[in-house]
Amino acid sequence: MFSTTAKLFASVAAAAALSLCPLPSMAGGEMPAKPCAPAVQKPASQKGDVLHMILYYVPNRVLDFVDIFRLSVGVGVGYGVNVRLTELAEVGLGNYESTRFGMKGRILPIYEENIDEAGVAFLGFVNGCLQRDPTEIGADLHVGVVGAQAAVSVAEAADFIVGFLMIDLQGDDLGPNPWD
Ligand SMILES: [Ca+2]
Ligand SMILES: [Ca+2]
């Protein structure tokens, strides 16, 4: 086991060394005449920034709107129930590994979610372990091999609303931001 891990590590290290070290003349004509320069993050001009802010404005508002909603069916073995009105009132008990079809905000259409929780929250105080966005309002149920989740996120709703002023509470907007 150890030797396999050591070999793997050695292979990765060798591959990294090869990719990091420039190959001199031995590569000859195989090498591109003008190797690509490493990507350098250049500060964008003010004019470019404004253009990108304008171009990204509508996509960011659409994505922030999509972020509010969580709606999926899941396939996987286990059990779970969770009902939540944010962490002001939440109860959850579950243990399942699932492949989900649907959406969790902009994460779609298929993603993995593993839940192992047992807890109660009241007025923001959590007793035990709860794994949901503490600002979600929704419910989940998983029985045997199939389950469903439906929720909205208050934090993402706030992010969507103030997003019209280009304020990015969740730090998930694309492109430059005038408030940075
Ligand atoms: Ca968002
Ligand atoms: Ca945002």
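The preceding data block contains the structure.
Here the structure is a predicted model, which means the values were calculated and not measured. (Residues numbered from 1 in each chain as written. Chains lettered and ligands numbered in written order. Predicted model: local features only at pLDDT ≥ 70, side-chain atom pairs only at ≥ 80, totals over all residues.)

### Focus on the environment of Lys104
Working step 1: Here Lys104 shows up in strand E2 (residues 89-104).
Working step 2: Residue Lys104 is classed as partly exposed on the basis of its 19 C-beta neighbours within 10 Å.
Working step 3: Spatially, the C-alpha atom of Lys104 lies 9.4 Å from that of Gln149, the residues being 45 residues apart in sequence.
Working step 4: Filtering out sequence-adjacent residues up to four positions away, Lys104 remains in contact with Arg70, Ser72 and Tyr111. (Helix = DSSP H or I, 4+ residues; strand = E, 2+ residues; numbered from the N terminus. Buried ≥ 20, exposed ≤ 12 C-beta atoms within 10 Å, placed from the backbone. Contact = placed C-beta atoms within 7 Å.)

### Describing the sheet that holds strand E5 (residues 136-153)
Working step 1: Within the open sheet, the 5 strands sit side by side as E4-E3-E2-E1-E5. Their pairing is antiparallel. The open sheet has two edge strands with one neighbour each: strand E4 (125-129) and E5. Averaged over all adjacent pairs, the angle separating strand axes in this sheet is 40°, with direction ignored. (Pairing = 2+ DSSP bridges. Axes fitted to C-alpha atoms, helices over the stretch in contact; angles between N-to-C directions.)

### So, the pairing of strand E3 (residues 110-122)
Working step 1: Bridge analysis of E2 against E3 gives 13 bridges, and the strand direction is antiparallel. Residue pairing in the sheet places Ser98 in a bridge with Glu113 of E3.
Working step 2: Across 5 bridges, the pairing between E3 and E4 is antiparallel. Pairing of Phe122 across the sheet is with Phe125, part of E4.

### Overview of unusual backbone geometry
Working step 1: The residue after Leu108, namely Pro109, is reached through a cis peptide bond having omega 5°.
Working step 2: Within the secondary structure layout, Pro109 lies in the loop between E2 and E3.
Working step 3: The phi dihedral of Leu123 is positive, around 55°, even though this residue is not glycine.
Working step 4: Its place among the elements puts Leu123 in the loop between E3 and E4.

### Comments concerning the pairing of E2
Working step 1: Of the strand pairs in this sheet, strand E1 (residues 69-85) and E2 are connected by 13 bridges, and their pairing is antiparallel. Bridge assignment links Val75 to a residue of E2, and that residue is Thr99.
Working step 2: Hairpin connection of E1 to E2: 3 residues between the antiparallel strands, including Thr86 at a positive phi of 60°.
Working step 3: The antiparallel hairpin formed by E2 and E3 contains 5 residues in its connecting segment, where Gly105 sits at a positive phi of about 65°.

Purely spatial values, then, with no claim about function.
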